[in-house]
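So the chains spell out like this:
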Amino acid sequence: MSRVDIRDLAQQDLPAEEFPARSQTGFRLFLAPTVHRGIQQHAQSDTSVEICGVLVGHWKRDAHGPYAAAYDFIRCDNATSKFAEVTFTHESWSHINHEMDSKHADASILGWYHSHPDFGIFLSDRDCFIQENFFSGAGQIAYVVDPVRELEGVFAWQNGQLKLLPHYWIGDEIRTSQASVQSPKTEWTTFSQGQQHLECATDPTPSANDRSSLSFLTLLLAWTLALLLGYLLASWRTSWERQRIIEGVVAHYGIDKVAKLGLQENLAEIQAR
């Protein structure tokens, strides 16, 4: 695959316009608050499956370089959605093309968004395949939302790979890559250099305090305790049954053999007399 890089946008003829929020160097993404709120609501509408859609807006440039501004989005409610997978169908693209032609003729598809309900922020092999085949342009992005853990993150092309953007804007608020590991509703953070980038991965690496890990450990502990209790009950029952067997054998031989033997001797003596 060619080494697609978001910096290639600087070579394109983009319209000049100031970035809508406080600017930073490097590529920038601006999400209108209505777009952010609408995508969050879409992701929260059904957390049993993944949902998806596309981001609509413009690529532009200012004194700091190129940027993308998303002012609308298109839901793909007819996409093929599963618990841990979502796929754009022929019907999905027909709907997207119709919406673009009828409502957004002067705009572009900036990328796509999808949810990872309780999975965390990463790109699976399927996600990377979709990005490489449908959103391979230099400035096209992948916006991932986890509506259960309240996490989110934006991936962009860098040297042919999909990397997590260190920061992006929602209205006037700057959102950093920390939002991919900690809910921004808990703590707003400011941009700092050296944020770790998340790349394409088949499975995310869970953290120690991850809720799904805790649930798994709790379930494992419960099963362990159940097996231990069953073993103890089985051992106790075996001992109890063993004791009953011993007492039964003693009673059988004591009554049927010893007692009867003594009784027979007494009867023989009486008969002799």
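Here we summarise the structure given alongside this text.

Parameters at a glance
Residues numbered from 1 in each chain as written. Predicted model: local features only at pLDDT ≥ 70, side-chain atom pairs only at ≥ 80, totals over all residues. Heavy atoms only, no water. Helix = DSSP H or I, 4+ residues; strand = E, 2+ residues; numbered from the N terminus. Buried < 20%, exposed > 50% of the residue type's maximum accessible area, 1.4 Å probe, protein only. Areas by Shrake-Rupley, 256 points an atom, 1.4 Å probe, with all protein chains shown as cover. Contact = heavy atoms within 4.5 Å. Disulfide = S-S within 2.5 Å. Expected span 1.5 Å × (residues − 1).

**A few points about the overall build of the chain**
No. 1: Scanning the chain from terminus to terminus reveals four helices and eleven strands.
No. 2: For the chain, the proportion of its 273 residues judged to be buried stands at 40%.
No. 3: Roughly 15,800 Å² of accessible area belongs to the chain as shown, and the carbon and sulfur atoms make up 56% of that amount.

**Regarding the environment of S92**
No. 1: Here S92 shows up in helix α2 (residues 90-103).
No. 2: Spatially, the C-alpha atoms of S92 and G53 are 8.9 Å apart, while their sequence positions differ by 39 residues.
No. 3: Ignoring sequence-local partners within four residues, the contact set of S92 consists of C76, N78 and A79.

**Some points on the state of the cysteines**
No. 1: The full count for this structure, using the stated rule, is zero disulfides.
No. 2: There is no disulfide at C52, and the cysteine sulfur nearest it, in C76, is 4.7 Å away.
No. 3: Take C76: its relative accessible area is 3%, and that puts it in the buried class.

**Observations regarding helix α1 (residues 33-44)**
No. 1: Given a rise of 1.5 Å per residue, twelve residues ought to cover 16 Å, and the 16 Å separating the end C-alpha atoms of α1 matches this to within 8%.
No. 2: Those residues of α1 that fall on the buried side of the exposure criterion are V35, H36, G38, I39, Q40, H42 and A43.

No statement about biological role is implied by the geometric values presented.
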